[in-house]
Every structure is written in C-alpha cells, then in structure tokens.
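# Descriptive structure summary
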Amino acid sequence: MVALSMEVQKLKNYVDGKWMNVNKSKAVINPATGMEIVQVPLSDSDTVNAAVRAAGKAQKKWALVPAPQRAEVLYRVGYLMKERKERLSQLLTMENGKVIEEARGEVQEGIDMAFYMAGEGRRLFGQTTPTELKDKFAMSQRSPVGIVGIITPWNFPIAIATWKSFPAIVAGNAVIWKPATETPIMAFELAKIFEEAGLPDGVMNVIFGSGLVVGEAMVHHDDIRVISFTGSNDTGRNIASACGKQLKKVSLEMGGKNAVIVMDDADLDLAAMGILWSAFGTSGQRCTACSRVIVHEKVKQALEERLLAAMANLSVGNGLDESIKIGPIINQAAIDKIKKYIKIGKEEGAKLLAGGFELTNEHHQKGYYFAPTLFTDATPNMRIAQEEIFGPVVSIITVNSFEEAIEVNNGVTYGLSSSIFTSDVNRVFKAQRDLDTGIIYVNAGTTGAEIHLPFGGTKGTGNGHRDSGVQALDVFTEWKAIYVDYSGKLQRAQIDVES
Ligand code: NDP
C-alpha cells in the first residue's frame with residue numbers, strides 16, 4: 001500500500017508556494033475500512049484573504065507569460081501525473097472508496113485534461129472578422145478573468161479539479177481551490193505536482209476547510225471574480241444567489257436523475273451491461289449515474305431477468321482489492337440518505353427486486369457499504385424516480401412507446417445525462433433531438449464522458465456553463481472585441497458605411 005508524500009499525518013495548505021500548517025483539523029476516514037488515514041486542516045477565512053492577496057500579485061505576472069509557456073507547466077503536470085498514476089490511484093481509492101480500476105480511470109482523466117489544456121496554450125482561439133468599414137480590422141480575443149475560485153466535491157476528487165483548474169491556469173488566471181474536506185489527499189498530491197512542475201508561487205493555492213467557512217469566504221470575496229462549483233443542488237443555488245448579488249460569474253454543475261431508455265428493438269444483453277456499469281459504478285455516486293431505467297413493456301421482464309442475473313455477480317468490498325466490483329459509500333450520512341429513499345420507494349409502492357439494505361458483515365469491516373438495489377414498477381412521479389439518491393439504487397419505469405419514453409426521461413427537474421438502447425436509426429436521431437439533457441449516449445450507459453467535449457446539463461443541473469471541452473475556457477476568460485482602424489481618419493460605425 002502506498003504512503004502519503006512527506007510521511008504526513010496532517011495535510012498542509014499550499015498558499016503562495018508555501019506549505020502552511022493549520023492548528024485545527026479533523027480526521028479523514030477511509031470509507032472502506034472506517035479507519036483514519038490523515039488529518040485535514042480546517043482553515044479560517046483569514047487564510048482565504050491571504051491566498052487572494054498572493055494570487056492577485058501572482059496573476060498579474062502569470063497573465064504576461066506567453067500562453068505556450070504557461071502550457072509547458074501543464075505538460076509537466078501531465079507527465080508527473082502519468083509517472084505517479086498508480087500511487088495517485090491507490091490514494092484516491094483510499095480516500096474516496098471507488099474501486100481501483102475506476103480510480104485509475106479518474107486519474108487518467110486528469111492526465112488527459114493536462115495534455116488537452118496544454119494544447120490550448122497554442123490555440124486559445126479568438127476570431128478575426130471583416131468589418132463594415134474600409135481599412136479597418138476586427139478581432140476578438142480571450143483574456144483571463146483574474147482570480148478564480150474552485151469548489152469541488154468528494155466523488156471525483158482529482159478529475160473535477162483538473163477540469164476546472166487546468167483551463168483556468170492555461171488562460172492566465174490564478175486559482176484558489178477548496179477541495180471537499182471528505183477527500184483532501186488528491187488536492188494535496190496535485191498541489192505537490194504543481195510545485196514540482198514549476199508553477200510560479202501564488203498561481204495555484206489549495207486551502208483545506210469546510211464549505212461553510214472557506215467556501216463561503218471565497219464566494220463572498222470581492223476579488224475572486226469567478227466561482228466554479230460542482231456539488232449538491234442546495235449548495236449550488238446558495239452560491240449562485242450570493243454570486244448574483246455581487247455580479248460574480250458562477251459556473252454550477254449539480255447532478256442529475258439520469259435515465260437509460262431500453263426500447264423493444266434493443267440488444268438486451270448490451271443494455272443490461274450498460275445499466276449495470278452506469279448505475280453501480282462508483283457505487284452510484286456519480287452525477288451522471290443511471291438511477292432510472294425506462295423500459296418498453298414488451299422487453300421489461302427479459303431485461304429484469306438479465307439485470308438480476310448480472311447483479312448476483314457484483315462483489316462489494318474494499319476497492320483496493322482488484323476483484324471487487326463495487327466499493328463503499330462515502331460516509332454514514334450518505335448511507336442514511338440511501339436508506340431513507342429505500343423506505344420512501346417501498347411506501348410509494350415500488351417493488352424491491354434486489355438489495356435495499358446496508359452491508360455490515362465482517363468482510364466489510366467498519367466501512368460503509370450498501371447492496372446494489374433494483375426497484376421495479378416505479379412510476380415517473382415517485383420520489384425515487386425524481387430525486388437524486390446518490391447511491392447504488394436504480395428504479396425501473398415501464399412505458400408503451402418511444403414518445404412516452406422521451407417524455408418520462410424529460411419529466412425531471414435535472415438534465416445532465418441520458419441514454420437510449422435501440423437498433424432503429426430513426427429513433428436514434430429523434431432521441432438526439434428530443435432528449436433534453438446536456439449529454440446523450442446511444443447504445444451505451446449514462447456515464448463515460450471524455451474530456452474534450454463539454455460536460456454539464458440543462459435545467460436544475462446547472463446554469464448554462466460547461467466544464468471541460470474548449471467550452472470550459474468560456475468560464476475562465478472574458479472576451480475582448482478589438483477594432484483597429486488604419487484608414488487615418490475618423491470612421492463612424494453604422495454611419496460612414498458606403499452603400
Ligand atoms: P455539497 O454541495 O455540500 O459539497 C460540495 C462542495 O461544496 C464541498 O467542497 C463542500 O465543502 C462545499 N460547500 C458546502 N457548503 C458550502 C457553502 N455554503 N459555500 C461554499 N461551498 C460549500 O455536497 P455534499 O458533499 O454534502 O453531498 C450532498 C449531496 O450532493 C449528495 O448526496 C449528492 O446528491 C450531491 N452531490 C452531487 C455531486 C455532483 O457531482 N453533482 C457531487 C457531490 C454531491 P465541504 O464538504 O468540505 O464542507
């Protein structure tokens with residue numbers, strides 16, 4: 001098993017290129033074993049103020065470094081992450097619980113993002129356009145916003161941070177990052193990598209602490225001009241309204257109630273595999289996790305049989321064991337939330353086909369485990385079919401037509417990811433047009449985003465911004481429109497136009 005860098009028992013903040021001790025701290029628990037792995041600092045708002053001062057100074061210089069040179073640092077970050085991939089993956093499994101294969105996938109996502117965004121150092125494209133006047137030139141270009149605040153959740157402790165911080169850095173911003181207190185180790189390791197990669201002091205600052213103290217201080221600080229947040233709907237809405245009052249730019253990604261549609265012409269074996277992977281991968285704790293299956297009545301029974309057979313082979317346990325398919329749930333509060341929804345589902349009249357209970361035997365030590373759970377005969381308006389449970393719980397809803405399937409898919413307040421299994425090309429194209437989510441999969445489950453495409457959703461999932469892809473650059477840059485008149489005389493737009 002790997003050890004933390006510098007044999008640390010207690011993590012340190014990374015502010016202005018220096019490692020800083022904080023007096024107050026709390027234990028970080030490995031959700032697979034219930035054992036403490038490290039102490040995470042609980043910083044105060046003064047630390048945020050100090051980091052903002054440092055970031056302000058650093059950003060002014062960083063913005064003047066040519067973008068291809070800024071990108072060189074990201075290439076080095078990518079190579080260091082690649083070198084340390086196995087170490088990072090094991091630490092990720094220890095702090096978050098996801099199985100090691102998925103942890104390796106998450107670290108790989110960060111590596112991909114580093115190289116992709118480093119490439120932007122030689123692009124950061126603006127536009128050149130004709131102008132309506134003679135001897136005049138027009139173009140648009142991106143410029144950094146300044147100091148960027150990043151607030152990330154525990155379910156993807158490294159990937160989400162890379163989706164946000166790498167575009168911010170290549171575009172010439174300085175970053176203040178508050179990782180989730182539940183999973184701080186990836187942030188500590190990534191800060192070390194930034195330091196070793198030669199990122200100038202103050203360009204990346206990592207502050208550990210609670211959302212209520214450090215997060216709020218960031219959201220309310222006048223000099224942080226952008227907040228990029230991923231997490232719960234309630235927290236995101238509060239952040240958005242605080243930012244709105246300050247006219248601060250805010251980008252939100254707040255989860256989903258994602259569905260897989262299985263039509264009567266689908267490959268059912270493939271559909272069952274897609275559902276299993278997207279419903280129970282990361283123990284259902286992904287914002288894109290499948291938590292509804294919308295199935296045509298003609299194939300309902302056949303699909304249920306396949307799902308139940310496949311679920312019987314899912315091993316639940318410590319994700320560091322390569323044979324384990326499903327890891328633990330993040331903490332006791334999350335277990336309690338899942339249990340609450342199992343009760344609600346039963347009371348609402350859905351039929352429990354499998355699971356529905358916490359796993360507490362000796363094999364599961366003192367960790368937090370929940371059995372993969374399948375409800376059937378759910379109806380679209382039940383709470384288990386409307387609200388985000390964030391655990392290994394999936395509910396089957398039966399429909400009679402393609403049109404009804406689309407309507408049920410769209411009948412939730414979220415709009416992150418959806419999927420359809422069908423062999424009818426006409427239905428594929430109609431589904432792309434009519435499904436109202438930001439991400440759509442055809443003949444694959446609801447998870448599996450790649451970093452060079454925009455990630456985010458419609459309706460209650462967010463506020464119109466996207467993580468990753470070139471679209472992420474829009475969050476961290478301002479557009480400037482530039483007009484150069486080389487006529488040597490005053491030319492008035494819309495007025496001195498020759499007809
Ligand atoms: P939160 O939204 O509370 O946490 C996400 C991040 O926001 C954490 O870093 C947290 O800090 C921080 N935060 C919390 N409160 C504030 C605040 N007032 N101001 C600024 N930052 C704040 O989610 P939870 O971890 O509590 O999870 C609860 C539910 O949210 C889950 O069950 C799930 O339904 C959903 N969720 C969705 C995610 C997604 O990917 N869209 C990811 C995670 C959760 P800290 O935790 O350190 O206090």
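Computed from a predicted model, the values in this text were never measured in an experiment.

With that settled, consider the site of the ligand. Taken together, 27 residues lie around the ligand, and Thr152, Trp154, Thr181, Ser232 and Lys337 are the ones closest in. At a separation of 3.4 Å, a nitrogen atom of the ligand approaches a polar backbone atom of Gly231. The fraction of the free accessible surface of the ligand (870 Å²) that becomes covered by protein chains is 83%. In a pocket analysis with a 2 Å cut-off to the grid points, the ligand is assigned to the largest pocket. For the shell around the ligand, the secondary structure elements donating two or more residues are helix 7 (211-220), strand 10 (224-230) and helix 8 (233-245). Among the elements that make up the shell around the ligand, the one with the highest residue count is helix 7 (4 residues). For the shell around the ligand, the class distribution of residues is 10 nonpolar, 12 polar and 5 charged.

With that settled, consider the sheet that holds strand 18 (residues 393-399). In spatial order, the strands read 14-17-18-13-12-20-21; together these 7 strands make up an open sheet with mixed pairing. Edge strands, defined here as strands with exactly one partner in the open sheet, are strand 14 (351-354) and strand 21 (439-442). Averaged over all pairs of adjacent strands, the angle between strand axes in this sheet comes to 20°, irrespective of strand direction. The pairing of strand 20 (residues 417-421) with strand 21 spans 4 bridges and is classified as parallel. Within the sheet, the bridge partner assigned to Ile420 lies in strand 21 and is Val442. Each of strand 14, strand 17 (373-378) and strand 18 is contacted by helix 11 (residues 332-348), which is oriented at about 30° to strand 17, the strand it contacts most.

Taken together, the side chains of Phe137, Val484 and Tyr486 define a hydrophobic patch exposed on the protein surface, amounting to about 280 Å² of accessible area. You can see Tyr486 is positioned in the segment after strand 23 (477-485).

Turning our attention to the layout of surface pockets. As a volume, the largest pocket reaches approximately 1,200 Å³. Around the largest pocket sit 43 residues that line it, and Trp154, Phe229, Gly231, Ser232 and Thr235 are the ones nearest its centre. Of all the secondary-structure elements, those providing two or more residues to the lining of the largest pocket are helix 7, strand 10, helix 8 and helix 11. No other element matches the 7 residues that helix 8 contributes to the lining of the largest pocket. When grouped by side-chain class, the residues that make up the lining of the largest pocket number 18 nonpolar, 16 polar and 9 charged.

This brings us to the UniProt feature "active site" (unreviewed entry) in the protein chain. UniProt records the feature "active site" (unreviewed entry) for Glu253 in the present numbering. Its location among the elements puts Glu253 in strand 11 (residues 249-253). Judged by its relative accessible area of 3%, Glu253 falls in the buried class.

Ranked by size, the top nonpolar core spans 68 residues in total, and within it Met81, Phe166, Trp177 and Phe194 carry the most contacts. Of all the elements, helix 6 (residues 185-197) adds the most residues to this core, at 9 residues. Those residues within four positions of Trp177 in sequence are excluded, and the remaining contacts are Ile150, Thr152, Pro157, Ala161, Ala187, Leu190, Met204, Asn205, Val206 and Ile207. In this structure, Ile329, Ile335, Ile338 and Ala385 belong to the second largest nonpolar core, which totals 34 residues.

Per the counting criterion, the structure on display carries 2 cavities of 30 Å³ or more. Approximately 90 Å³ is the volume found for the largest cavity. What lines the largest cavity is a set of 15 residues, among which Gly284, Ala289, Ser291, Glu388 and Phe390 lie closest to the centre. When its residues are assigned to classes, the lining of the largest cavity shows 7 nonpolar, 5 polar and 3 charged. Within this model, the second largest cavity holds a volume of roughly 50 Å³. Elements with a contribution of two residues or more to the lining of the second largest cavity: helix 12 (402-410) and strand 19 (414-415).

Applying the stated rule across the entire model yields 23 salt bridges. A salt bridge links Lys343 to Glu347, with the shortest nitrogen-to-oxygen separation between them at 3.2 Å. With Lys343 and Glu347 both in helix 11 and 4 residues apart, this pair spans about one turn of that helix. The burial state of Lys343 is the same as that of Glu347; both residues are exposed. Among the salt bridges present, the one from Arg433 reaches Asp434, with a minimum N-O distance of 2.8 Å. What makes Arg433 exposed here is its relative accessible area of 60%. On the basis of relative accessibility, which here comes to 29%, the residue Asp434 falls in the partly exposed class. Salt bridges sharing partners connect three or more residues here, namely Asp264, Asp265, Lys298 and Arg427.

With that settled, the discussion passes to the UniProt feature "domain: Aldehyde dehydrogenase" (unreviewed entry) in the protein chain. In this structure's numbering, the residues bearing the UniProt feature "domain: Aldehyde dehydrogenase" (unreviewed entry) are residues 24-482. The span residues 24-482 shows a helical share of 40% and a strand share of 22%, and its end C-alpha atoms are spaced 50 Å apart.

Here is what the cut-offs are and how they apply
Residues numbered from 1 in each chain as written. Predicted model: local features only at pLDDT ≥ 70, side-chain atom pairs only at ≥ 80, totals over all residues. Heavy atoms only, no water. Near = heavy atom within 4 Å. Polar contact = N/O pair within 3.5 Å; in protein donor to acceptor, adjacent residues only side chain to side chain. Areas by Shrake-Rupley, 256 points an atom, 1.4 Å probe, with all protein chains shown as cover. 1 Å grid on protein atoms, 1.4 Å probe; cavity = no way out; pocket = protein on both sides within 12 Å on 5 of 7 lines; lining within 4 Å. Sits in = over half its atoms within 2 Å of the grid points. Helix = DSSP H or I, 4+ residues; strand = E, 2+ residues; numbered from the N terminus. Nonpolar A, V, L, I, M, F, W, Y, C, P; charged D, E, K, R; others polar. Pairing = 2+ DSSP bridges. Axes fitted to C-alpha atoms, helices over the stretch in contact; angles between N-to-C directions. Contact = heavy atoms within 4.5 Å. Patch = residues over 30% accessible without salt bridge, like charges linked within 9 Å, V, L, I, M, F, W, Y side chains within 5 Å. Salt bridge = Lys/Arg side-chain N within 4 Å of Asp/Glu carboxyl O. Points joined across faces, edges and corners; volume = space filled by probe spheres on them. UniProt positions renumbered as here; feature names shortened; annotations may be inferred. Buried < 20%, exposed > 50% of the residue type's maximum accessible area, 1.4 Å probe, protein only. Core = buried A, V, L, I, M, F, W, Y, C linked by side-chain atoms within 4.5 Å.

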